[in-house]
Amino acid sequence: MPLNPQLDSLSDYPFESLRTLLNPVVPRVNDPPILMSVGEPQHQPPALLAETLAAHAHEWNKYPPMAGTPELRQAIADWLARRYRLPQAAVDADRNILTLAGTKEGLYLLSSLVVPRRKGGGRPVVLVPNPYYLVYNGAATMAGADAVFLDATRENGFMPDLAAIPRAILERTALFYLCSPANPQGTIASLDYLKEAIRLARLYDFVVAVDECYAEIYDRVPPPGALEACAALGAGVGDGLFDRVVVFHSLSKRSSAAGLRSGFVAGDPRVIGQFKHLRDYGGCQVPLPIQWAATALWRDEAHVEENRARYRRKFDVAEAAIAGRFGFYRPDGGFFLWLDVGDGEAATVRLWRDAAIRVLPGGYTARAAHGRENPGSRYIRLAIVHDEATLEAAFARLRRVL
Ligand SMILES: Cc1ncc(COP(=O)(O)O)c(C=O)c1O
């Protein structure tokens, strides 16, 4: 059967690799399993969600507009302007925003839009932070680009070193995926860092896509956003303020609504306009009741503040239990711990076998690229999503076993 040969260069999805690693291992303890491998919120979304879905239950029969209802796009535009203190009317609900069925599908499809057949005299490049959310690499590969992995290690503050990207690579770059707060390390890109990434995108003519889906889960300081960085820079060389920049946001983490499948992409009107065109062929529409629920959620901040406070308490538990061990640091954003355990795979097996705790080996969310070591192989990733009592139990077991 003929298949797209690019599929062969996709690595195993991390949770598939995790099953292969742990399926033969039977926990030796009777403790109830604690699953910290998946970044799935455990809090319930606010009642507002179910109430709004119920109020619009008569609209399941209708085909929804691909771009999103005007009401949803306006709620998003208002939220972006408030959250990132953007100039009045900087975000136009019609030109700058498209709704998505969760950010995953949009992040994936973007590469089909912005990766040409050739760039800078060679095969196009997609820049991917390493470790990375697997979709970036999948999107790069399936679009026929060379994924170039930018290691984000403790030495460079867990953010790719922009100054170290060779000029020959930048010239071939069509797309740069950045993630802030970063999954898995929780690092927040500073406004200056974002400005520099945007400056490079404009200089070398590529699109920078900033995945901001953890933007509302932070410890102390709200993470700056790429649209905010655009506003700080002023107009670009092309069509206005958001020239060559798009951001992705989601309700999955902000509103603990991963099952709703609702997010958006916003930014450069040329990208958004062409993305709408492409999505008319191959995008996922979001059902109308879900669009109404999303409208209500983007207009409400109370549940987001409550959610954030709960994550802070979880990280208090983590800090009290393991500060000073495994290179512990309190992440600035997101809800993962990235712990240096020496050998991530071995620690994962030990934690499952001797403590019934399931975590993700850091190496599964990164890769050894360009002759360098896998920057995740010393680490494990833990999703800090459970209630405080479960977390206390988990850390007590972890300290016993590792
Ligand atoms: C970094 C990152 N980006 C995007 C997503 C996709 O989120 P969703 O499709 O639920 O919006 C995830 C989900 O875990 C993620 O970790």
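In the block above lies the structure referred to throughout.
Structural notes, computed from the coordinates. (Residues numbered from 1 in each chain as written. Predicted model: local features only at pLDDT ≥ 70, side-chain atom pairs only at ≥ 80, totals over all residues. Heavy atoms only, no water.)

### A look at the overall build of the protein chain
And then number 1: Check the secondary structure of the protein chain and you find 14 helices and 12 strands.
And then number 2: Here the C-alpha atoms of the protein chain give a radius of gyration of 21 Å, agreeing with the 21 Å that 2.2 N^0.38 yields for 402 residues.
And then number 3: Looking at the protein chain as a whole, 57% of its 402 residues qualify as buried.
And then number 4: For the protein chain, long-range pairs separated by at least 24 residues make up 77% of all intrachain contacts whose partners lie at least 6 apart in sequence.
And then number 5: By element, 52% of the accessible surface of the protein chain is carried by carbon and sulfur atoms, the whole surface being about 16,500 Å².
And then number 6: Computed over 45 positive and 44 negative side-chain charges, the separation of the two mean positions in the protein chain equals 2 Å. (Helix = DSSP H or I, 4+ residues; strand = E, 2+ residues; numbered from the N terminus. Rg over C-alpha atoms; globule rule 2.2 N^0.38 Å. Buried < 20%, exposed > 50% of the residue type's maximum accessible area, 1.4 Å probe, protein only. Contact = heavy atoms within 4.5 Å. Areas by Shrake-Rupley, 256 points an atom, 1.4 Å probe, with all protein chains shown as cover. Lys, Arg positive; Asp, Glu negative; His and termini not counted. Charge placed at Lys NZ, Arg CZ, Asp CG, Glu CD.)

### Some words on a nonpolar patch on the surface
And then number 1: On the surface, a cluster of nonpolar side chains totalling about 380 Å² of accessible area is made up of Met 1, Leu 3 and Leu 7.
And then number 2: Here Met 1 is to be found in the segment before helix H1 (14–22). (Patch = residues over 30% accessible without salt bridge, like charges linked within 9 Å, V, L, I, M, F, W, Y side chains within 5 Å. Salt bridge = Lys/Arg side-chain N within 4 Å of Asp/Glu carboxyl O.)

### Quick notes on the pattern of salt bridges
And then number 1: For the coordinates displayed, the defined rule picks out 30 salt bridges.
And then number 2: Linking Arg 299 and Asp 78 is a salt bridge whose minimum nitrogen-to-oxygen distance equals 3.1 Å. Pair noted here: Arg 299 is in the loop between helix H11 (288–298) and helix H12 (302–322) and Asp 78 is in helix H3 (residues 70–83), with a separation of 221 residues, a long-range link.
And then number 3: Residue classification places Arg 299 among the partly exposed positions, given a relative accessible area of 43%.
And then number 4: Put simply, Arg 330 and Asp 219 hold a salt bridge, and the shortest N to O gap is 2.8 Å. Here Arg 330, found in the loop between H12 and strand S9 (336–340), pairs with Asp 219, found in the loop between strand S6 (207–211) and helix H8 (226–233); they are 111 residues apart in sequence, far enough to count as distant.
And then number 5: By relative accessible area, Arg 330 is classed as buried at 16%.
And then number 6: Judged by relative accessible area, which is 9%, Asp 219 ranks as buried.

### Things to note about the packing of helix H4 (residues 103–114) against helix H5 (residues 134–142)
And then number 1: Put simply, H4 and H5 touch, their axes get as near as 7 Å, and they point 30° apart. One element, H4, and the other, H5, form an angle in the roughly parallel class. The handedness of the crossing between H4 and H5 comes out as right-handed. Along its contact with H4, which presents Lys 104, Leu 107, Tyr 108 and Ser 111, the element H5 presents Val 135, Tyr 136, Gly 138, Ala 139, Ala 140 and Met 142. (Axes fitted to C-alpha atoms, helices over the stretch in contact; angles between N-to-C directions. Parallel < 35°, antiparallel > 145°, perpendicular 65-115°, else oblique. Left-handed = near helix turned anticlockwise from the far one by under 90°.)

### Description of the packing of aromatic side chains
And then number 1: Across all of its chains, the model carries 15 aromatic pairs by this definition.
And then number 2: Ring geometry for Tyr 214 against Phe 336: centres 5.8 Å apart, planes inclined by 70°, an arrangement best described as edge-to-face. Linking Tyr 214 in the loop between S6 and H8 with Phe 336 in strand S9, this pair joins segments that are 122 residues apart in sequence.
And then number 3: For Tyr 214, a relative accessible area of 4% puts it in the buried group.
And then number 4: Put simply, the rings of Trp 79, Tyr 84, Phe 264 and Trp 298 pair up and form one aromatic cluster. (Phe/Tyr/Trp six-rings, centres within 6.5 Å; stacked < 30°, edge-to-face > 60°.)

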